[in-house]
Number of protein chains: 2
Amino acid sequence: MYTIGKLSKSTGVTVRTLDYYDEIGLIKPSSKTSGGHRLYSEDDVMRLERVLALKYMGFSLEQIRDILENSTANWQESIQHQLELVKREQERLKMLEQALLGVSYSIEFEGEINWPIIFSMIKLYQQDPGDALKPYEEYLNEDEMKRIMDMNAAQMSEEDIKEWLKVVGDIRNNLHLDPNSDKAEQLVISWADQADKMFGQDEELLVNMWEALQNLQEGIAFYPMNKDVIDFIKRVAIAKEGETHGS
Amino acid sequence: MYTIGKLSKSTGVTVRTLDYYDEIGLIKPSSKTSGGHRLYSEDDVMRLERVLALKYMGFSLEQIRDILENSTANWQESIQHQLELVKREQERLKMLEQALLGVSYSIEFEGEINWPIIFSMIKLYQQDPGDALKPYEEYLNEDEMKRIMDMNAAQMSEEDIKEWLKVVGDIRNNLHLDPNSDKAEQLVISWADQADKMFGQDEELLVNMWEALQNLQEGIAFYPMNKDVIDFIKRVAIAKEGETHGS
DNA sequence: TATAAAACAACACGTTACGTGAGGTTCAAG
DNA sequence: CTTGAACCTCACGTAACGTGTTGTTTTATA
């Protein structure tokens, strides 16, 4: 027979918790002293251990009571249900992590909070990615939008994202460069490589997104590119074309 | 200017929620009618959108208030902190999923709830795997225990687990077989293959766990094997050895 | 313009799983 | 028998609202 204090020490749960479990009828001590102090039997301890195990598995105290009362009836059902909840929560956390990373990148990159991009990102990771891509609907067909969504869902590696941010950032910091210079060409080549890695498998998608970007100035799909970057790339491309034709 | 009902409809948050945000000073309407009805300006709407975005990212309302007051001071810090929380929660859910799967398997397998195994499993996925492996400490050294923990942490694929359960289950259902029969030999070969896949890279570990199992009758490391299964395997092995020697 | 219907404000209690006291009672050691 | 530790019961607080209730304001209609 354990007093409540002994039981508390041996199991690590607080006295208040045992108090509460008694109060809600989850674990009632099987006997009491004449003075009213609670005495827990070995069976009670066993029940407590089971409660703690089920609690660890994420069940609410009410569910636990049901599970322990209804004996072994539909354990599997409860567990499968709980598993689904856990999986859904994992999905949610994955998206949350992506959104947080995205916001972190965007702040690091712009030095300030770009709320429209944050909203787009969150919408993209929420249930309604259609909303986030609405600005593009003039330029992309449904299939292409789906591909963009999948691409984001597939969780591009942190390396890829950082590489992309670096490439575009390099351009942003060098917009003044002479389009004919080697450095400018290098930057655009790096950019093209990376763009190819990310969108390369579909030439038409790339072209359409390019179209979209020229008119939208900025957007989530090509983030953090903006009009300035696009203009720079175009200038360099034209310069190079001229050079080729000239030679 | 939006009335509270209009704002509620256009953003999807309930009136009660807006009521609450007003109450705690998170979003106070910038004006009111003479009769006291709340009127929300465009700025208020913007603030609400930001609040919702931050809420989606997992911040508490108090944190949100701080973040929005302190302007862009330490956004990165908040976000990194939040990211860490998210990652920790993901870890927790991964373990929870493993524990639930383990319990599910064990019920499916035994047709009843094997509490000791459940406790072992939970301890293994909790902070104190040492406790769960304590029964083995006579037979395994610290290094080997660590390897077992790592193996579990590495999250054996569901396929592997199911295969293992099937193999051991097959044996459990055929304990009566003649050790000299082909069927018996087949079963043990399948078992040995699977055991090799799971523990194969370390011969000594396998031997020691085998030792442990012979004395412990059952345990989490080799679950769901028990004494009967071990005896069967030994019988078949001896029979085969005899056969080999006899030929 | 009067009136009914809809919207709104303000208040209050409920939710989960306890934490944190306060004030009085019982137990165990000396 | 005393005293200090352990214990019991009560009660309020937590986060972010949901769900009413009552009384008031606004809006639409006759």
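Up top is the structure these notes are about.
What comes next concerns the included structure. Being a predicted model, the structure only gives us computed values, none of them experimental.

So, the overall build of chain A
- Across its full length, chain A carries 12 helices and 3 strands.
- For 247 residues, the compact-globule formula gives about 18 Å, and the C-alpha radius of gyration of chain A, at 30 Å, lies well above that figure.
- Overall, the C-alpha framework of chain A stretches about 105 × 35 × 25 Å when taken along its three principal axes.
- Residue burial in chain A is summarised as follows: out of 247 residues, 43% are buried.
- A sequence separation of at least 24 residues applies to 55% of the contacts in chain A between residues at least 6 apart.
- Summed over its atoms, the accessible surface of chain A is roughly 13400 Å², and 49% of this surface lies on carbon and sulfur atoms.

Structural notes on the protein's contact with DNA strand D
- Inspection of the region around DNA strand D gives 20 residues, with T3, G5 and R38 of chain A together with T14 and Y21 of chain B positioned closest.
- Counting only the atoms of DNA strand D that lie within 4 Å of the protein, the sugar and phosphate share comes to 72%.
- Here a phosphate oxygen of DNA strand D and a side-chain polar atom of T14 of chain B are 2.9 Å apart.
- Separating a phosphate oxygen of DNA strand D from a side-chain N or O atom of T33 of chain B is a distance of 3.1 Å.
- For the surface near DNA strand D, the secondary structure elements donating two or more residues are α1 (4–11) and α2 (15–23) of chain A together with α2 (15–23) of chain B.
- For the surface near DNA strand D, the element with the most residues is α2 of chain B, which contributes 4 residues.
- Of the residues contributing to the surface near DNA strand D, the split by class is 4 nonpolar, 11 polar and 5 charged.

Here's the deal with the side chain of E144 of chain B
Residue and element names in this part refer to chain B.
- As for its position among the elements, E144 is in helix α8 (residues 142–153).
- Within the structure, the side chain of E144 is placed 2.8 Å from the side chain of N208, a separation counted as a polar contact.
- Setting aside its immediate chain neighbours within four residues, E144 contacts Y139, E204, L205 and N208.

A closer look at the pattern of salt bridges
Residue and element names in this part refer to chain A.
- This model, assessed by the stated rule, comprises 22 salt bridges over all chains.
- Two residues, E69 and R47, come together in a salt bridge whose shortest N-O distance is 3.2 Å. On the criterion of sequence distance, the pair formed by E69 in helix α4 (residues 61–69) and R47 in helix α3 (residues 42–56) is long-range, its members being 22 residues apart.
- Given the relative accessible area of 48%, E69 is considered partly exposed.
- Two residues, K94 and E91, come together in a salt bridge whose shortest N-O distance is 3.8 Å. Residue K94 and its partner E91 are both found in helix α5 (residues 75–110); the two are separated by 3 residues, about one turn of the helix.
- On the basis of relative accessible area, K94 is assigned to the partly exposed category, the value being 39%.

Regarding the interface of chain B and chain A
- Contact residues are listed per partner, giving 39 residues for chain B and 39 residues for chain A.
- Of the roughly 3600 Å² buried where chain B meets chain A, counting both sides, 77% is carbon and sulfur surface.
- In terms of surface lost to chain A, no three residues of chain B exceed Y56, L100 and W115 of chain B, which account for 21% of the buried area on that side.
- Across the chain B-chain A interface, the total number found is 0 salt bridges.
- Summed over the shared surface of chain B and chain A, the result is 8 residue pairs in polar contact (both at pLDDT 80 or more).
- Going through the elements one at a time, α3 (42–56), α5 (75–110) and α6 (115–125) of chain B are the ones with two or more residues in the side of chain B that touches chain A.

Here we look at the protein's contact with DNA strand C
- Around DNA strand C sit 19 residues, and of these T14 and Y21 of chain A together with T3, G5 and R38 of chain B come closest.
- Among atoms of DNA strand C positioned within 4 Å of the protein, sugar and phosphate together represent 76%.
- One nitrogen or oxygen atom from the main chain of L61 of chain A is found 3.4 Å from a phosphate oxygen belonging to DNA strand C.
- One of the side-chain N or O atoms of T3 of chain B is found 2.8 Å from a phosphate oxygen in DNA strand C.
- Among the elements of the structure, α2 of chain A together with α1 (4–11) of chain B are those that each provide at least two residues to the surface near DNA strand C.
- With 4 residues, α2 of chain A is the single largest residue contributor to the surface near DNA strand C.
- Grouping the amino acids of the surface near DNA strand C by side-chain chemistry returns 4 nonpolar, 11 polar and 4 charged.

The rules behind these values
Residues numbered from 1 in each chain as written. Chains lettered and ligands numbered in written order. Predicted model: local features only at pLDDT ≥ 70, side-chain atom pairs only at ≥ 80, totals over all residues. Heavy atoms only, no water. Helix = DSSP H or I, 4+ residues; strand = E, 2+ residues; numbered from the N terminus. Rg over C-alpha atoms; globule rule 2.2 N^0.38 Å. Buried < 20%, exposed > 50% of the residue type's maximum accessible area, 1.4 Å probe, protein only. Contact = heavy atoms within 4.5 Å. Areas by Shrake-Rupley, 256 points an atom, 1.4 Å probe, with all protein chains shown as cover. Near = heavy atom within 4 Å. Polar contact = N/O pair within 3.5 Å; in protein donor to acceptor, adjacent residues only side chain to side chain. Nonpolar A, V, L, I, M, F, W, Y, C, P; charged D, E, K, R; others polar. Salt bridge = Lys/Arg side-chain N within 4 Å of Asp/Glu carboxyl O. Buried area = accessible area lost by both parts, 1.4 Å probe.

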